[in-house]
Amino acid sequence: GIFEYRLYGEYDWVFMMMMILSRKVFAIEEAFRKQTLRPRMETGGAPLDMTESTLGVVGLGRIGAQIAKIASAHGVRCVVTMRTPISDQEAAKRGIDRVYPMDGLHEMLTECDFVVPAVPANDETTGLFGKAEYKSMKDSAYMINISRGEVLDEDSTYTALKENVIAGAALDVWWAEDEA
């Protein structure tokens, strides 16, 4: 499912979405409302244990670094892809299990249960996540976007969700904001 809401800071919002998506809260709530609550049968099995999951962060600026730090504190394996990779020693200090260069994005995506782009919108990042990137992700993986909307190709994101190429998405931003 898709969820968008801007109440919490970026870090809290990411982890709130990881918990909601991994625990299948929306599916359980829907089953409960239908009075047919059989969570394992109706939601596709047991929820994902966060300590057995891998979080992929794209970009290690202020927000990406804080997300990696919080993930480590919660026992979540964290991998990162970035333009200028840091040393293994620096990564370990920051609670990061592995660092990939940007050309290793597809390899990183194959490992991830959650993917969080934390990059600015610019010519290099617009459309960074398209059809090929979604196909690199596990079909059980979730996209959690806190970057600008245009970092995700809109049509590819819609298709990936509609065709169950990925399990779901939490979108803190949209491609075009409603104008007041």
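Residues numbered from 1 in each chain as written. Predicted model: local features only at pLDDT ≥ 70, side-chain atom pairs only at ≥ 80, totals over all residues. Heavy atoms only, no water.

1. Overview of the side chain of Thr81
Within the element layout of this structure, Thr81 appears in strand E3 (residues 77-82). Taking the relative accessible area as the measure of exposure, Thr81 reaches 0% and is therefore buried. Here the side chain of Thr81 touches Pro101 through a polar contact of 2.9 Å, landing on its backbone oxygen. When neighbours within four sequence positions are excluded, Thr81 is seen to be in contact with Val57, Val58, Gly59, Tyr100, Pro101, Met102, Leu105 and Met108. (Helix = DSSP H or I, 4+ residues; strand = E, 2+ residues; numbered from the N terminus. Buried < 20%, exposed > 50% of the residue type's maximum accessible area, 1.4 Å probe, protein only. Polar contact = N/O pair within 3.5 Å; in protein donor to acceptor, adjacent residues only side chain to side chain. Contact = heavy atoms within 4.5 Å.)

2. Points about helix H4 (residues 62-73)
Its 12 residues give H4 an end-to-end C-alpha distance of 17 Å, which sits within 8% of 16 Å, the value for a rise of 1.5 Å per residue. By the burial criterion, the buried members of H4 are Ile63, Gly64, Ile67, Ala68, Ile70 and Ala71. For H4, the angular spread of the buried residues around the axis is 165°, confining them to a single face. Turned more than 90 degrees away from the buried face of H4, the exposed residues are Arg62, Lys69 and Ala73. Tucked into the core, H4 has its buried residues touching helix H1 (10-22), strand E2 (54-58), E3 and strand E5 (114-117). Looking one or two residues beyond H4, the residue adopting positive phi is Gly75, at roughly 75°. (Expected span 1.5 Å × (residues − 1). Arc of directions from axis to C-beta.)

3. Some thoughts on the pattern of salt bridges
For the structure shown, the criterion picks out 7 salt bridges. With a closest N to O distance of 3.7 Å, Lys93 and Glu90 form a salt bridge. Of this pair, Lys93 and Glu90 are both found in helix H5 (residues 88-93), 3 residues apart, which corresponds to roughly one turn of the helix. Classification of Lys93 by relative accessible area gives exposed; the value is 70%. Assessed through its relative accessible area of 25%, Glu90 is described here as partly exposed. Connected via shared salt-bridge partners are Arg77, Arg98, Glu107 and Glu111. (Salt bridge = Lys/Arg side-chain N within 4 Å of Asp/Glu carboxyl O.)

4. Looking at the nonpolar core
Core analysis: the biggest nonpolar cluster contains 30 residues, and Val14, Phe15, Met18, Leu55, Ile67, Ile144 and Ile146 have the highest contact counts within it. Broken down by secondary-structure element, the contributors of at least two residues to this core are H1, E2, H4, E3, E5 and strand E6 (142-145). Top element by residues in this core is H1. It accounts for 7 residues. Not counting residues up to four positions away in its chain, the partners in contact with Ile146 are Glu10, Trp13, Val14, Ile63, Ile67, Val116, Pro117, Ala118 and Asp172. Counting 22 residues, the second largest nonpolar core, distinct from the first, contains Val58, Phe129, Tyr134 and Ala141. (Core = buried A, V, L, I, M, F, W, Y, C linked by side-chain atoms within 4.5 Å.)

5. Let's talk about the packing of aromatic side chains
Using the criterion set out here, one finds 2 aromatic pairs in the structure. Ring centres 6.4 Å apart and planes at 50° place the aromatic pair Phe129 and Tyr134 in the tilted group. Comparing Phe129 with Tyr134, the two get one shared label, buried. (Phe/Tyr/Trp six-rings, centres within 6.5 Å; stacked < 30°, edge-to-face > 60°.)

6. Here we look at the state of the cysteines
Scanning all chains against the criterion turns up 0 disulfides. Its sulfur unpaired, Cys78 is 8.5 Å from the next cysteine sulfur, which belongs to Cys112. By relative accessible area, Cys78 is classed as buried at 0%. (Disulfide = S-S within 2.5 Å.)

7. Regarding the environment of Leu21
Relative to the assigned elements, Leu21 resides in helix H1. Leu21 sits in the buried class, given a relative accessible area of 5%. For the pair Leu21 and Ala167, spaced 146 residues apart in sequence, the C-alpha to C-alpha distance is 8.9 Å.

8. A look at helix H8 (residues 154-162)
Listing the buried residues of H8 in full gives Ser156, Thr157, Ala160 and Leu161. Axial view of H8: buried residues confined to an arc of 130°, hence all on one face. Structural note: H8 exposes Asp155, Tyr158 and Lys162 on the side pointing more than 90 degrees away from its buried face. Looking one or two places after H8, you find Asn164, whose phi comes out positive at around 55°.

By themselves, these figures tell us nothing about what the structure is for.
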